[in-house]
Amino acid sequence: MSTTSAVPAARSIADPRLGFTSLEEEGTIDSLQVDGALPQWLEGSLLRTGPAKFEVGERPLAHWFDGMAMLHRYSFAGGRVSYANRFLGSRAFRESRDSGQLGFGEFASDPCRSLFKRLTTAFSPALSDNANVNVARLDDEFIAMTETPLPVVFDPHTLDAAGVAYRPPGQLTTAHPHHDPTCGELVNFAVQLGGRSSYRFFAQHGRSEQRLIASIPVRDPGYVHSFGMSERFLILAEFPFVVSPARLALSGRPYIENYRWEPERGTRLLVVDRASGELRHTFETDAMFAFHHVNAFEQDCELVVDLSAYEDPEVIDALYLDRVRQAQPLPRAKLRRLRLGLDNGQVTSELLCDESLELGRIDYGRRNGRPYRYVFGAGQRGGRWLDQIVKADLQERSAQTWFQDGCFPGEPVFVPEPGNEREDGGVLLSVTLDAERETSFLLVLDAGDLSELARAQVPHHIPFSFHGNFYSQV
Ligand SMILES: [Fe+2]
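A brief report on the enclosed structure follows. Because the structure is predicted, anything quoted here is derived from the model rather than measured.

### Observations concerning the overall build of the protein chain
Reasoning step 1: If you tally the helices and strands in the protein chain, you get six helices and 36 strands.
Reasoning step 2: For 474 residues, the compact-globule estimate of 2.2 N^0.38 gives 23 Å, and the protein chain sits close to it at 21 Å.
Reasoning step 3: If you line up the protein chain on its principal axes, its C-alpha atoms span 60 × 60 × 45 Å.
Reasoning step 4: Each of the 474 residues in the protein chain was classed as buried or not, and the buried ones make up 61%.
Reasoning step 5: If you take every contact in the protein chain between residues at least 6 apart in sequence, the share linking residues at least 24 apart comes to 59%.
Reasoning step 6: Working note: accessible area of the protein chain is about 18,600 Å², and carbon and sulfur atoms make up 46% of it.
Reasoning step 7: Each charge class in the protein chain can be summarised by its mean position, and for the 48 positive and 64 negative side chains these summaries are 4 Å apart.

Right, here's the structure in full:
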């Protein structure tokens, strides 16, 4: 394994807690100070969402995933970059701002409701539209997404919210839809909860066209944050972190506290034919947990499924805000490859990279669903938080890293250079917290060798966010 870095190795003593501190400022900065040189070909906008306010009124929220969503836009043109940020004007945000109280249940924080109110809302709970996980393009509109079925439309220029775009066919969904370039559809997953619960895959075209691809009965659904899509198949990894729909409806506990870890169930991989919607294969393997699939493709009668896997869902507990603020160690995700034997039902598993790797990105437009070589992600050099960028070379089974002491880079979004056919021919964009300066910057790395091309300095900190995408037309 080869390792390169921007600065000599040193133990990180910096403190990532500023990344979990609310940002109240909203606004637009026409031109950020740029150290280095941005590529002239880089034109377009990186749109991101993430939690940015961790209190409602006087009340602290419980979990990183609970924070009120803020949209961020970094727009590149002519070697310059502008920045805009704004709280997502969701119903949940407006109500919390206006009343000083949490109006809707979040991932691990619930409104303070009377027993009567809890009983009356148990079977039709008011769902939060606090879309703090990811952004996607829906035809010519943009949506911010979370795991409730309320994707919020927003204007990519003003960052104004414009209501819910459509309703997925279930009460839970993912903020990681796949994009089908052949027809422009967004393909996503939902869980229909009830007396007869089901996993569902569906395709969304614009706001109004929705097509159910598959419906698979399930008794106690697993927690699903993302799924895989190859050219022929949709792949649902069902980890044994499951919930009883009745318990979810009646317990009165915050959403995620209703899930339980049952490792004896192992992990199931459900493989659905995209064309027919048929459940074609069900594989079983050891218990594990993951938020993020990285890629999936067929090769030699095997369906290869790559994901960032943990041994168990302890990472969810580790992301409660009181724990991250106490600087407790964070479990490490490892890039794991599952090979599903399409003709023999066997599953084999191997680690692809020694470095930890989360928030993995690939050259999605050209490589999703196909054999590929590179994964870019954020990893842990120290134990406390994601503090380096990792480029995993799956062919050479090696990794390169970029780190700087005291800096905490987020998800590296790969932007291909137009006309460059190399899979790593482009740049990585990563919003990075500089804990010593107490500000954030947008880091621009050459994806080929992880050398730093530029950093655009933001005059304040940006709380750690989850995901975003680059759009050359915005
Ligand atoms: Fe995610």
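### Let's talk about the coordination of the iron ion
Reasoning step 1: The protein atoms that coordinate the iron ion are His176 (NE2), His225 (NE2), His292 (NE2) and His467 (NE2), at distances spanning 2.0 to 2.1 Å.
Reasoning step 2: Of note is the iron ion, whose four donor atoms meet at the metal with angles of 92 to 163 degrees in an arrangement that counts as irregular.
Reasoning step 3: The sequence pattern describing where the donors of the iron ion fall on their chain is H-x48-H-x66-H-x174-H. Placement of the pair is histidine 292 in strand β23 (residues 289–299) and histidine 467 in strand β36 (residues 467–471), with a sequence separation of 175 residues. Just as histidine 292 is buried, histidine 467 falls in that class too.

### A few points about helix α1 (residues 91–99)
Reasoning step 1: Among the residues making up α1, those that are buried are Ala92, Phe93 and Ser96. An end-on view of α1 places all buried positions within 100 degrees of arc, on one side of the element.
Reasoning step 2: Of the surrounding elements, those touching the buried residues of α1 are β4 (55–56), β6 (68–77) and β7 (80–87).
Reasoning step 3: Directly after α1, the chain includes glycine 100, whose backbone phi takes a positive value near 75 degrees.

### Some thoughts on the packing of aromatic side chains
Aromatic ring pairs are described here by two measures, namely the spacing of the ring centres and the angle between the planes.
Reasoning step 1: Summed over the entire model, instances satisfying the criterion amount to 34 aromatic pairs.
Reasoning step 2: Their ring planes at 80 degrees and their centres at 5.2 Å tell us that phenylalanine 289 and phenylalanine 291 sit as a pair that is edge-to-face. Here the two residues phenylalanine 289 and phenylalanine 291 agree in accessibility, since each one is buried.
Reasoning step 3: Across the ring face of phenylalanine 403, the terminal group of arginine 381 is positioned such that the distance to the ring centre comes to 3.5 Å.

### Regarding the nonpolar core
Reasoning step 1: The biggest cluster of nonpolar side chains holds 72 residues, and the ones touching the most others in it are Trp64, Tyr223, Ile256, Phe289, Leu340 and Trp385.
Reasoning step 2: For phenylalanine 289, the residues in contact, after removing those within four places along its chain, are Tyr223, Phe239, Phe241, Ser308, Ala309, Tyr310, Asp312, Pro313, Val315 and Ile316.
Reasoning step 3: Residues Leu46, Tyr74, Val427 and Val444 belong to the second largest nonpolar core, which totals 20 residues.

### A look at the sheet that holds strand β11 (residues 161–164)
Reasoning step 1: The strand order across the open sheet built from four strands is β8-β9-β10-β11, with neighbouring strands paired in antiparallel fashion. A strand with exactly one partner marks an edge of an open sheet, and here the two such strands are β8 (134–138) and β11. Across this sheet, the average inter-strand angle for adjacent strands is 35 degrees, counted without regard to direction.
Reasoning step 2: As paired strands, strand β10 (residues 152–154) and β11 are joined by two bridges and run antiparallel to one another. Across the sheet, the residue bridging to valine 152 is valine 164, located in β11.

### Quick notes on the pattern of salt bridges
Two side chains with opposite charge may pair up if their charged atoms get near one another.
Reasoning step 1: The full count for this structure, using the stated rule, is 31 salt bridges.
Reasoning step 2: A salt bridge links arginine 232 to glutamate 298; the nearest nitrogen and oxygen atoms lie 2.8 Å apart. Here arginine 232 is found in the loop between β17 (228–229) and β18 (233–238), whereas its partner glutamate 298 is found in strand β23, with 66 residues between them in sequence.
Reasoning step 3: The partly exposed category is assigned to arginine 232, whose relative accessible area is 40%.
Reasoning step 4: Residue glutamate 298 is classed as partly exposed on the basis of its relative accessible area of 30%.
Reasoning step 5: Each of Arg219, Asp220, Arg260, Glu262 and Arg265 takes part in a single network of salt bridges with overlapping partners.

### So, the environment of alanine 237
Reasoning step 1: Note that alanine 237 resides in strand β18.
Reasoning step 2: According to the relative accessible area criterion, alanine 237 is buried, its value standing at 2%.
Reasoning step 3: Separated by 15 residues in sequence, alanine 237 and glycine 222 have C-alpha atoms that sit 8.9 Å apart.
Reasoning step 4: Ignoring anything within four residues of it in the chain, the contact list for alanine 237 reads Arg268, Leu269, His293 and Leu307.

### Overview of the sheet that holds β18
Reasoning step 1: The four strands lie next to each other as β17-β18-β21-β22, forming an open sheet whose pairing is antiparallel. Single-partner strands in this sheet number two, and they are β17 and β22 (279–285).
Reasoning step 2: In this sheet, β22 lies alongside strand β21 (residues 267–273) in antiparallel orientation, the contact comprising six bridges. The residue bridging leucine 269 from the neighbouring strand is phenylalanine 283, located in β22.

### Here's the deal with the side chain of glutamine 380
Reasoning step 1: Inspection of the secondary structure puts glutamine 380 in the loop between β28 (374–379) and β29 (388–393).
Reasoning step 2: Residue classification places glutamine 380 among the buried residues on the basis of a relative accessible area of 3%.
Reasoning step 3: Among the polar contacts listed, one links the side chain of glutamine 380 to the backbone oxygen of leucine 330, at a separation of 3.1 Å.
Reasoning step 4: The residues touching glutamine 380, leaving out its near neighbours within four places in the chain, are Leu330, Pro331, Arg332, Ser356, Trp385, Leu386, Asp387 and Gln388.

Procedures and definitions
- Residues numbered from 1 in each chain as written.
- Predicted model: local features only at pLDDT ≥ 70, side-chain atom pairs only at ≥ 80, totals over all residues.
- Heavy atoms only, no water.
- Helix = DSSP H or I, 4+ residues; strand = E, 2+ residues; numbered from the N terminus.
- Rg over C-alpha atoms; globule rule 2.2 N^0.38 Å.
- Buried < 20%, exposed > 50% of the residue type's maximum accessible area, 1.4 Å probe, protein only.
- Contact = heavy atoms within 4.5 Å.
- Areas by Shrake-Rupley, 256 points an atom, 1.4 Å probe, with all protein chains shown as cover.
- Lys, Arg positive; Asp, Glu negative; His and termini not counted.
- Charge placed at Lys NZ, Arg CZ, Asp CG, Glu CD.
- Donors = N, O, S within 2.8 Å, 3.2 Å for Na, K, Ca; no water.
- Tetrahedral: all angles 85-135°; square planar, octahedral: opposite > 155°, others 65-115°.
- Arc of directions from axis to C-beta.
- Phe/Tyr/Trp six-rings, centres within 6.5 Å; stacked < 30°, edge-to-face > 60°.
- Lys NZ or Arg CZ within 6 Å of the ring centre and 35° of its normal.
- Core = buried A, V, L, I, M, F, W, Y, C linked by side-chain atoms within 4.5 Å.
- Pairing = 2+ DSSP bridges.
- Axes fitted to C-alpha atoms, helices over the stretch in contact; angles between N-to-C directions.
- Salt bridge = Lys/Arg side-chain N within 4 Å of Asp/Glu carboxyl O.
- Polar contact = N/O pair within 3.5 Å; in protein donor to acceptor, adjacent residues only side chain to side chain.

Nothing here speaks to function; it is geometry throughout.
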